[in-house]
Amino acid sequence: MQNILRHIPKTDKLLKALQCELEGNLNLNLAKKLILEFLENYRQDLLQGGEILEFQACVQCIIKQYHSLTQKSLKPLVNATGIVVHTNLGRSVFSPSILQEIYPILTRYNNLEYNEEKGCRSERYVHLKGLFKALLGAEDVLVVNNNAAAVFLIFNTFAKGKEVVVSRGELIEIGGSFRIPKVMSDSGAILHEIGTTNKTHLKDYKEAINENTAMLFKAHKSNYAMSGFVKEVEFGEIVELAKMQNLIDYYDLGSGYFGLSGFEKSLKKFEPALEEIAKLNPSLVSFSGDKLLGGAQAGIIFGKKALIDELKKNQLLRMLRVDKFTIA
Ligand SMILES: *Cc1c(COP(=O)(O)O)cnc(C)c1O
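About the criteria used
- Residues numbered from 1 in each chain as written.
- Predicted model: local features only at pLDDT ≥ 70, side-chain atom pairs only at ≥ 80, totals over all residues.
- Heavy atoms only, no water.
- Helix = DSSP H or I, 4+ residues; strand = E, 2+ residues; numbered from the N terminus.
- Buried < 20%, exposed > 50% of the residue type's maximum accessible area, 1.4 Å probe, protein only.
- Lys, Arg positive; Asp, Glu negative; His and termini not counted.
- Salt bridge = Lys/Arg side-chain N within 4 Å of Asp/Glu carboxyl O.
- Pairing = 2+ DSSP bridges.
- Axes fitted to C-alpha atoms, helices over the stretch in contact; angles between N-to-C directions.
- Contact = heavy atoms within 4.5 Å.
- Polar contact = N/O pair within 3.5 Å; in protein donor to acceptor, adjacent residues only side chain to side chain.

A. Seen up close, the side chain of Asp204. Structurally, Asp204 is set in helix H9 (residues 202-208). Notably, Asp204 is buried but unbridged: the nearest opposite-charge side chain belongs to Lys203, and the N-O separation is 4.4 Å.

What follows is the structure, encoded as structure tokens:
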């Protein structure tokens, strides 16, 4: 038996051979772990009558294991589905030119939370405010990890223990287990359903309002359509009613687009541009960053400054906040 075990190569010899084969790219800690693991398995194998391996075969065996652990499983694919923004294929393809533009910011120190003029601490969200003001006339903007986070944060901040009025036609489920009723209950908000599956009228909203109502909510029907004997209330009417009743109106828009590109003419008949929604002077609107072509994963919230200030005070924001990559 001892005779067989003398075929087991020495650890340092294997390590030298690995260094030789992989040149400068070897992580020593990982290589040593894999060598020990290999030797232990090899020893067991030999004792059970397994085949004796050449030294080089041992080296190749360890290299194969090393590569399978160090190579990234995330890799580029060809999208042949016909769906341009495909959630399972990485959603929006990141724009190479944006990546180039932000490279110097991300690979150096930057003013993420620093005001150089005043020489003091600042806040990461200020970098986006000017643009949203100019493009949408929005009072303020806040960006969180994704739109699901935006929905949760908004319900949790303004409707904890209070009622949110939603049409039964808009109690949506998005792929990956995002369901409005569940998000609402987990956030502490109370769902107040109104209307029917196919028809909801403005009077349904009016009749639902009581002393515990916090918000009138509309969700975009992102992944389904209803036709036939149907009626939904336009967001503009919801905004007006909310204003009269001193309530918050909130539109979870799912995706949104800026009507800047000329591209909007073909979209307009399906979806209003962000500019048109902003003109309604809403309390709050949120949408995904990576359902837009070339966008990064984010939940973008815009609306009234006083409300965005409240969102910023919620401790949850610290857990949902975006990093310099997304802000850039
Ligand atoms: C996609 C979507 C969400 C969730 O957004 P994520 O960016 O996936 O977090 C929420 N609401 C609506 C209406 C959506 O379409």
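B. Structural context of the sheet that holds strand E8 (residues 213-219). The seven strands are arranged E3-E11-E10-E9-E8-E4-E7 in an open sheet whose pairing can be described as mixed. Only two strands of the sheet have a single partner each, and these edge strands are strand E3 (140-144) and strand E7 (190-194). For this sheet the average axis-to-axis angle between neighbouring strands, irrespective of direction, equals 25°. In this structure, E3 lies alongside strand E11 (residues 299-303), joined through five bridges in antiparallel fashion. The partner of Val144 across the bridge, within E11, is Gly299. Across the face of the sheet, helix H7 (residues 147-158) comes into contact with E3, strand E4 (163-167), E8, strand E9 (248-254), strand E10 (284-288) and E11 while running at roughly 165° to E9. Helix H10 (residues 235-244) contacts E8, E9 and E10 of the sheet and is inclined by roughly 155° relative to E9.

C. Examining the pairing of E11 more closely. Most of E11 sits inside the fold, with five of its five residues counted as buried. Burial of E11 is two-sided: the residues Gly299, Ile301 and Gly303 facing one way and the residues Ile300 and Phe302 facing the other way are all buried. Note: E10 against E11, five bridges, orientation antiparallel. Residue pairing in the sheet places Val285 in a bridge with Phe302 of E11.

D. Representation of the pairing of E4 within the structure. Of all the five residues making up E4, five are buried; the element is thus mostly covered by neighbouring parts of the structure. Side chains Glu163, Val165 and Ser167 project from E4 onto one buried face, and the interleaved Val164 and Val166 project onto a second face that is buried too. Note that E4 and E7 share five bridges and pair parallel. Paired with Val164 across the two strands is Leu191, which belongs to E7.

E. Summary view of the side chain of Lys218. Position of Lys218 among the secondary structure elements: in strand E8. Of note is the side chain of Lys218, whose polar atom sits 2.7 Å from the side chain of Glu170. For Lys218, the contacting residues outside a window of four places in its chain are Glu170, Glu232, Val233, Phe235, Ile238, Tyr250, Tyr251 and Asp252.

F. The arrangement of the environment of Ile327 in detail. Assignment of secondary structure puts Ile327 in helix H15 (residues 324-327). By relative accessible area, which is 11% here, Ile327 ends up buried. A C-alpha to C-alpha distance of 30 Å links Ile327 and Ser185, two positions 142 residues apart in sequence.

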